[in-house]
Amino acid sequence: MFFIGFTGITIYNLALNYGELNVTVSAASFIINTVPMLTLLLSIIFLKEKINSKAYLGTIISLFGVGLICFAEGGALNLNKSIFLILLAAFSQSVFFYFKNHY
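What you see is a predicted model, and the numbers here were worked out from it, not measured in a lab.

Asker: I'd like a rundown of the side chain of Thr39, residues and numbers included.
Answerer: Note that Thr39 resides in helix H3 (residues 35-47). Here Thr39 is in contact with Ser94 and Phe97, once residues within four sequence places are set aside.

Asker: I'd like a description of unusual backbone geometry, backed by residues and values.
Answerer: One non-glycine residue, Lys48, adopts positive backbone phi at about 55°. Considering the arrangement of structural elements, one finds Lys48 in the loop between H3 and helix H4 (53-74). What makes Lys48 exposed here is its relative accessible area of 60%.

Asker: For the side chain of Ser82, give the residues involved together with the corresponding values.
Answerer: For Ser82, the location among the structural elements is in helix H5 (residues 81-102). Apart from the residues within four sequence positions on either side, Ser82 is in contact with Tyr18, Gly19, Asn22 and Val23.

Asker: Tell me about the packing of aromatic side chains, and please be specific about residues and values.
Answerer: Inspection of every chain in the model, using the stated rule, returns five aromatic pairs. A centroid spacing of 5.1 Å and a plane angle of 75° characterise the contact between Tyr98 and Phe99, whose relative ring orientation is edge-to-face. Grouping aromatic residues by their ring pairs yields a cluster made of Phe3, Phe46, Tyr98 and Phe99.

Asker: Which residues make up helix H1 (residues 2-19), and what are the values?
Answerer: Each α-helix winds once per 3.6 residues, and so residues spaced three or four apart point in a common direction. With 18 residues, H1 ought to run about 26 Å at 1.5 Å a step, and its terminal C-alpha atoms sit 24 Å apart, in line with that. Taken residue by residue, H1 has Ile4, Thr7, Gly8, Tyr12, Ala15, Leu16 and Gly19 as its buried positions.

Asker: I'd like a rundown of the nonpolar core, residues and numbers included.
Answerer: Counting 17 residues, the largest nonpolar core has Leu16, Ile31, Ile32, Ile86 and Ala89 as the members making the most contacts within it. Sorting the residues of this core by element identifies H1, helix H2 (25-32), H3, H4 and H5 as the ones contributing at least two each. Setting aside anything within four residues of it in sequence, one finds Ile32 in contact with Tyr12, Leu16, Ile86, Ala89 and Ala90.

Parameters and conventions
Residues numbered from 1 in each chain as written. Predicted model: local features only at pLDDT ≥ 70, side-chain atom pairs only at ≥ 80, totals over all residues. Heavy atoms only, no water. Helix = DSSP H or I, 4+ residues; strand = E, 2+ residues; numbered from the N terminus. Contact = heavy atoms within 4.5 Å. Buried < 20%, exposed > 50% of the residue type's maximum accessible area, 1.4 Å probe, protein only. Phe/Tyr/Trp six-rings, centres within 6.5 Å; stacked < 30°, edge-to-face > 60°. Expected span 1.5 Å × (residues − 1). Core = buried A, V, L, I, M, F, W, Y, C linked by side-chain atoms within 4.5 Å.

Remember, this is a structural readout, not a statement about activity or role.
Now the structure itself:
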């Protein structure tokens, strides 16, 4: 339970807040909205869930959208520390949802 709370609350909030210091709020919100996609990927990898082609297509579109946001922020594919912190926040939230629903 400690691990679930630590990843879903502590890491999420710290990574998101520090990441938003150098990234626009709109870009951060779009990147954070990859949480459902990341949760789906965790379910496929660890729970061996079967998904249909629409879910695969949605995942690819989501990843492409994050790439476009990174491109728009810096004029080139600029994966700076702040964007990685926001992606860490999204991943930690996905881990939280995975373990919360699994246990």
